[in-house]
Amino acid sequence: MTRAAAWERRVLRAAHPVAVPALSASRRPVQRVPRLGVLVRDATILRSVLMDTEHFSKTGPGAPSDLWTPVLGPSVLLNMEGADHLALRRRLGPLFSPAYVDPLVAASLPSARLTARLRAGERVDLVTEAKRNASIMISQLVGLSAEQVDDALFERVSSITRFVRLSRPRLTDAQAAVARAILADLTAHARTAWRDGDESTVPGRMRALGLGEEEAMGAVGAFVLTGTETLVSYIPRLIALLIDSEWMPRLAADATLVEPAIAEGLRVTTPSPVMLRSVVSGARIGSVDVRAGERVILATFLANGALGGFDPASNPAASLKQLWFGAGSHFCLGAPLAMAQTRATLGALLEAGPLRVVSRRAARGVLIPSYASLVVSA
């Protein structure tokens, strides 16, 4: 096993020491797992489930709606289907288009400062850097100053997502109450921005795009919950992969390899390792018949081949059509923002010259597998 693969396995297992080995033990494309649901690990079959909204839904027993509706309300993209979901997605679309997020990221993130720090010989913790960059994006989303989006806020967000367990389809009443209280504190600023209609803020733009107050707050809450940890997870893991596999100098020498490397990084890290669906009506997944009300566990990290090698040259990610972001009507709306932040940070690191890992530590007991610390130097 390569050093890159060994560290990725360590990161996965630190986050989910029971679930990852248990799911990885299955060798069938589709298998019913007692007390959990129907496990899907084949990429083609997994995509077909994501595309089939007639038989499989994000609402219903065991689906994301069970987890997030008690926290975020009924009208967020995480827990919607059908015409209402498409209508909300269309209204939010302009806020996450490349035309909007690319210049926003370019103007907001201190990429040049990161390059200068490394060139000056400073050791940089890329997890801290990713949190700082995510803070800038969150501050614009919820109407806070960037200084207010600190480590304490990240810890509060993580305290919500740590409640989630594959073996537990919904939060307890007490957990949901804690999560609502934390999000109420965050969205208080966003509510003010929405009510003021200030279009220099994202909540103000949401109002201008026709989102009601509760729809806008649900969107803000969903982004804070799902977007922050995903971004903080992926960028350090990508850089660790590139350093461990000695790909950083090759990217610096050949810019055409940057996009394949980012895609390969997403395939191998798969920031959302599992997706959930509820069976709406009797159907067949591969060779397994499923009934209404059953839970379907889409093991994205297995379908993507996350436990395999990392090779931007052959780029096996190209055949997966960005399956790590989902498929169909639920393809991740925030993907352009994630890609813009990744390109900006990777570009700054490539400008700094060859990097080495000084120290690292995998995060334990988190929802999204990640590093707790990844210190690099030039």
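Our structure's up above, just so we're on the same page.
Structural notes, computed from the coordinates. (Residues numbered from 1 in each chain as written. Predicted model: local features only at pLDDT ≥ 70, side-chain atom pairs only at ≥ 80, totals over all residues. Heavy atoms only, no water.)

**Quick word on the packing of aromatic side chains**
Counting across every chain of the model gives two aromatic pairs. With a centroid separation of 5.8 Å and 70 degrees between ring planes, the pair formed by Phe-325 and Phe-331 is classed as edge-to-face. Owing to a relative accessible area of 24%, Phe-331 belongs among the partly exposed residues under this scheme. Just above the ring of Trp-247 sits the side chain of Arg-250; from NZ or CZ to the centre is 3.7 Å. (Phe/Tyr/Trp six-rings, centres within 6.5 Å; stacked < 30°, edge-to-face > 60°. Buried < 20%, exposed > 50% of the residue type's maximum accessible area, 1.4 Å probe, protein only. Lys NZ or Arg CZ within 6 Å of the ring centre and 35° of its normal.)

**A short note on the sheet that holds strand β10 (residues 371-377)**
Across the sheet, which stays open at both edges, the three strands sit in the order β4-β10-β9 with antiparallel pairing between neighbours. The sheet is open, and its two borders are formed by β4 (124-125) and β9 (356-362), each paired with just one other strand. Sheet topology note: the β4/β10 ladder contains two bridges and is antiparallel. Bridge pairing in β10 places Val-124 opposite Val-376. Strands in contact with helix α12 (residues 213-244) are β9 and β10; relative to β10, the strand with the most contacts, it is inclined by about 50 degrees. (Pairing = 2+ DSSP bridges. Helix = DSSP H or I, 4+ residues; strand = E, 2+ residues; numbered from the N terminus. Contact = heavy atoms within 4.5 Å. Axes fitted to C-alpha atoms, helices over the stretch in contact; angles between N-to-C directions.)

**A look at helix α1 (residues 3-15)**
With 13 residues, α1 extends 19 Å between its outermost C-alpha atoms, agreeing within 8% with the 18 Å of an ideal straight helix rising 1.5 Å per residue. Along α1, the residues classified as buried are Ala-4, Ala-5, Trp-7, Glu-8, Val-11, Leu-12, Ala-14 and Ala-15. On its buried face, α1 sits against α2 (19-24), α12, α14 (258-269), α15 (300-303), β9 and β10. (Expected span 1.5 Å × (residues − 1).)

**Here we look at the pairing of strand β1 (residues 30-33)**
Sheet faces and side chains relate simply in a regular strand, where the side chains alternate between the two faces. Of the pairings in the sheet, the one linking β1 to strand β2 (residues 37-40) comprises four bridges and is antiparallel in character. Bridging across to β2, Arg-32 finds its partner in Val-38. Where β1 hands over to β2, the hairpin turn is made up of three residues, of which Arg-35 adopts a positive phi near 70 degrees.

**Considerations on the pairing of β2**
Both β2 and strand β8 (residues 295-298) contribute to a ladder of three bridges, which runs parallel. Directly across from Val-38, in β8, lies its bridge partner Val-296.

**Concerning the environment of Ala-292**
By secondary structure assignment, the location of Ala-292 is in the loop between β7 (288-290) and β8. We classify Ala-292 as exposed; its relative accessible area is 51%. The spatial distance from the C-alpha of Ala-292 to the C-alpha of Val-178 is 31 Å, given a sequence separation of 114 residues.

**Things to note about the sheet that holds strand β5 (residues 275-279)**
Judged by pairing direction, the sheet is mixed, and its five strands sit side by side in the order β1-β2-β8-β5-β3 without closing on themselves. Unpaired on one side and paired on the other, β1 and β3 (56-57) mark the two borders of the sheet. Relative to β8, helix α3 (residues 43-51) is tilted by about 130 degrees, and along the sheet it contacts β1, β2, β3, β5 and β8.

**Describing the side chain of Arg-267**
Of note, Arg-267 is situated in helix α14. Note on Arg-267: relative accessible area 5%, which makes it buried. Excluding residues that lie within four positions of it along the chain, Arg-267 makes contacts with Asn-304, Gly-305, Ala-306, Gly-309, Phe-310, Pro-316, Ala-317, Leu-320 and Trp-324.

**Describing the side chain of Arg-295**
By the element assignment, Arg-295 lies in strand β8. We note that Arg-295 is buried and unpaired, the nearest opposite charge coming from Asp-66 at a distance of 7.7 Å. Polar contacts involving the side chain of Arg-295 include one to the main-chain carbonyl oxygen of Leu-36, which spans 3.0 Å. Polar side-chain contacts of Arg-295 include one of 2.5 Å to the backbone oxygen of Leu-166. The residues contacting Arg-295, other than those within four sequence positions of it, are Leu-36, Gly-37, Val-38, Pro-61, Gly-62, Leu-166, Ser-167, Pro-169, Leu-276 and Arg-277. (Lys, Arg positive; Asp, Glu negative; His and termini not counted. Salt bridge = Lys/Arg side-chain N within 4 Å of Asp/Glu carboxyl O. Polar contact = N/O pair within 3.5 Å; in protein donor to acceptor, adjacent residues only side chain to side chain.)

**A word on the environment of Arg-277**
For Arg-277, the position within the fold is in strand β5. On the basis of relative accessibility, which here comes to 4%, the residue Arg-277 falls in the buried class. When the C-alpha positions of Arg-277 and Arg-295 are compared, they lie 6.0 Å apart, and in sequence the two are 18 residues distant. Setting aside anything within four residues of it in sequence, one finds Arg-277 in contact with Val-49, Leu-50, Phe-56, Ser-57, Lys-58, Ala-63, Glu-294, Arg-295, Val-296, Leu-298 and His-330.

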